[in-house]
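Examination of the molecular architecture
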Amino acid sequence: MTERRNLLRCESCGTELDELDPRTSCPKCGGLLSLEIGMPSERGAALRALFDDRLSVAARAERSDIGASGVWRFRELVLPHIADKNLVTQWEGNTPLLWRESVAHWASVPELLLKHEGHNPTGSFKDRGMTVAVSQAVRIGASAVSCASTGNTSASLAAYAPLAGIPAIVLVPAGQVALGKLAQTLAYGARTLMVRGDFDDCLRLARESSERLGVYLANSINPFRIAGQTTIVLELLQQLGWHAPDWIVLPAGNLGNTAAFGAALRMASATGLIDSSPRLAAVQAEGAAPFARSFRSGFAERNAVRAETVATAIKIGDPASYERGVRAIRETDGVVIEVSDAEILEAKAVIDASGVGCEPASAASVAGARRLAKDGTISRGDRVVAVLTGHILKDPGILLDYHKDAGRPMANTPIEIDAEISAVERVLKDAVSTSASR
Ligand SMILES: *Cc1c(COP(=O)(O)O)cnc(C)c1O
Ligand SMILES: [Zn+2]
């Protein structure tokens, strides 16, 4: 390792801050900060070997080795120099890369793999960013942490903060958070503020309270969150034997993850982990697609909308990481598209019925892959990884609404019966004959 320290730099005006500075935006111009780390001394094959060795040690060892975390395994590219004693980890990451014939077929992408981030400790990729942000909070001695959230960030922060012994305050839009996420947040013990407003209002309040009240902000504008989320890409590249796919497709809301994916690919190329970069495809919901609109104008203008979609995790009208997102799309020759709620729900039903399952926002990636295959942007034979960002149980309300509505194309309506064996027999006969006729 080089001994150069990490530093924080404003992406707008270039102001530098010490890496232990608790501020999460530029004190001069309000711009976003990025975390700049020294390049590791290992490159290419040596760096791949370092990461691969940790993986094989972790596979054998009990979960006490730091390499058993799918984030800290890549620590040289995440946050070098942090002391082990500051790490707050629940062995996040290590999520599977899955192939399901039914999903690949539906999307018309034969080589479609699903990177299932719903397998993280609290059920979403947010844990990868949160382990780093909360470790940083410990490192700088933060007295409290907070975030605004559509639900998953709050669930994740609520789970990690107690491990660090730091109180957490979360702001969520009242009545707009999926049931599983709200339940988790309460159960893990965060002080939960239900704001009469939308996500964008919550974020404004969170930023203000961090500036005025000195609370450490754990939103995705926090550069340490982004650093942790780069490991989604590093890990999937490792799972593919460091042979990069042609495309990585992800749902895009606040654009923290889009930014993280861009940063990961920049690093993976610069350090020689891979020799060709995948293209990124960011997918938004039609009713919350300001970034897709900007893309269509060649990023000539930044847009904001009042967001409306069933996919609450990407129901964001004014993405905070806009500039970082633009950079990620430009650098990877990427695309930004939008899909309808109906397409999202159809994709979700196919993913769910394959036994994999995911929350609504996650299904936008598969719906997006299908769009891109249909319009020829994704070519037949392209290797595509679609990221499933959250677990199926995050949003049980939407599942029950869908399956109790017999009018839905893939509805699996429950059958109420009398407590008699003959009723069970009738259903069984029907099930066997339907599956035989397939
Ligand atoms: C946070 C989240 C997203 C959106 O990620 P951004 O970084 O806000 O673009 C998508 N899906 C799920 C499940 C999420 O929790
Ligand atoms: Zn600045």
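Residues numbered from 1 in each chain as written. Chains lettered and ligands numbered in written order. Predicted model: local features only at pLDDT ≥ 70, side-chain atom pairs only at ≥ 80, totals over all residues. Heavy atoms only, no water.

1. Some thoughts on a nonpolar patch on the surface
There is a patch of nonpolar side chains on the surface, built from Ile415, Ile417, Ile421, Val424 and Val427 and spanning about 480 Å² of accessible area. You can see valine 424 is positioned in helix α15 (residues 421–436). (Patch = residues over 30% accessible without salt bridge, like charges linked within 9 Å, V, L, I, M, F, W, Y side chains within 5 Å. Areas by Shrake-Rupley, 256 points an atom, 1.4 Å probe, with all protein chains shown as cover. Salt bridge = Lys/Arg side-chain N within 4 Å of Asp/Glu carboxyl O. Helix = DSSP H or I, 4+ residues; strand = E, 2+ residues; numbered from the N terminus.)

2. What to know about the side chain of threonine 312
In this fold, threonine 312 is placed in the loop between α10 (290–296) and α11 (322–331). Setting aside its immediate chain neighbours within four residues, threonine 312 contacts Thr150, Gln176, Ala178, Lys181 and Asp395. (Contact = heavy atoms within 4.5 Å.)

3. Overview of the site of ligand 1
Ligand 1 sits among 15 residues. The nearest are Lys126, Asn152, Gly253, Asn257 and Thr389. Asparagine 254 has a polar backbone atom sitting 2.8 Å from an oxygen atom of ligand 1. Threonine 389 places a polar side-chain atom, nitrogen or oxygen, 2.8 Å from a nitrogen atom of ligand 1. Relative to its free-state accessible area of 380 Å², ligand 1 is covered by the protein chains to the extent of 97%. Within the shell around ligand 1, the residues separate by chemical class into 6 nonpolar, 7 polar and 2 charged. (Near = heavy atom within 4 Å. Polar contact = N/O pair within 3.5 Å; in protein donor to acceptor, adjacent residues only side chain to side chain. Nonpolar A, V, L, I, M, F, W, Y, C, P; charged D, E, K, R; others polar.)

4. Focus on the environment of glutamate 286
Note on placement: glutamate 286 falls in the loop between β11 (279–285) and α10. Separated by 131 residues in the primary sequence, glutamate 286 and isoleucine 417 place their C-alpha atoms 40 Å from one another.

5. Here's the deal with the pattern of salt bridges
A full pass over the atoms with the stated rule returns 27 salt bridges. For the salt bridge of glutamate 16 with arginine 9, the shortest nitrogen-to-oxygen distance reads 2.9 Å. A salt bridge links arginine 327 to glutamate 331; the shortest N-O distance between them is 2.8 Å. Of this pair, arginine 327 and glutamate 331 both sit in helix α11, 4 residues apart, which is roughly one turn of that helix. For arginine 327, a relative accessible area of 44% puts it in the partly exposed group. Shared partners join several salt bridges into a network, and the residues in it are Arg73, Lys115, Glu117, Arg128 and Glu235. (Buried < 20%, exposed > 50% of the residue type's maximum accessible area, 1.4 Å probe, protein only.)

6. Some remarks on unusual backbone geometry
Trans is the prevailing form of peptide bonds, just as negative phi is the prevailing case for residues other than glycine. The phi dihedral of asparagine 94 falls on the positive side, at around 55 degrees, and the residue is not glycine. Looking at the secondary structure, you find asparagine 94 in the loop between α2 (75–78) and β4 (97–98). Using a relative accessible area of 31% as the deciding quantity, one classes asparagine 94 as partly exposed. Positive phi, normally seen in glycine, also occurs at leucine 255, with a value near 75 degrees. Secondary-structure assignment places leucine 255 in the loop between β10 (247–251) and α9 (256–270). With relative accessibility at 2%, the residue leucine 255 sits in the buried group.

7. A short note on the environment of serine 124
Locating serine 124 in the fold gives a position in the loop between β5 (112–116) and α4 (126–139). Under the relative-accessibility criterion, serine 124 is labelled buried at 0%. Expressed as a C-alpha distance, the spacing of serine 124 and proline 110, which sit 14 residues apart in the sequence, is 26 Å. When near neighbours in sequence (up to four residues on either side) are disregarded, serine 124 contacts Glu117, Gly118, Asn152, Thr389, Gly390 and Lys394.

8. Some thoughts on the sheet that holds β10
Here 6 strands make up an open sheet; going across it, the order is β4-β5-β13-β10-β11-β12 and the pairing mixed. The outermost strands of the open sheet, each flanked by one partner alone, are β4 and β12 (335–339). In terms of strand pairing, β11 meets β12 through 5 bridges, oriented parallel. Along β12, the bridge assignment pairs valine 283 with isoleucine 337. Of the strands in this sheet, β10, β11 and β13 (384–388) are in contact with α9, which crosses β11 at around 175 degrees. Across the sheet, helix α13 (residues 360–374) is in contact with β5, β10, β11, β12 and β13; its angle to β12 comes to roughly 110 degrees. (Pairing = 2+ DSSP bridges. Axes fitted to C-alpha atoms, helices over the stretch in contact; angles between N-to-C directions.)

9. Quick look at the packing of aromatic side chains
Following the criterion strictly, the structure yields 5 aromatic pairs and no others. On the numbers, 5.8 Å between centres and 70 degrees between planes, the contact of phenylalanine 295 with phenylalanine 299 is edge-to-face. Residue phenylalanine 295 is classed as partly exposed on the basis of its relative accessible area, which comes to 26%. Residue classification places phenylalanine 299 among the buried residues on the basis of a relative accessible area of 13%. Connected via pairs of aromatic rings, a cluster forms that spans Phe291, Phe295, Phe299 and Tyr322. (Phe/Tyr/Trp six-rings, centres within 6.5 Å; stacked < 30°, edge-to-face > 60°.)

Function-wise, these values are silent; they only describe arrangement.
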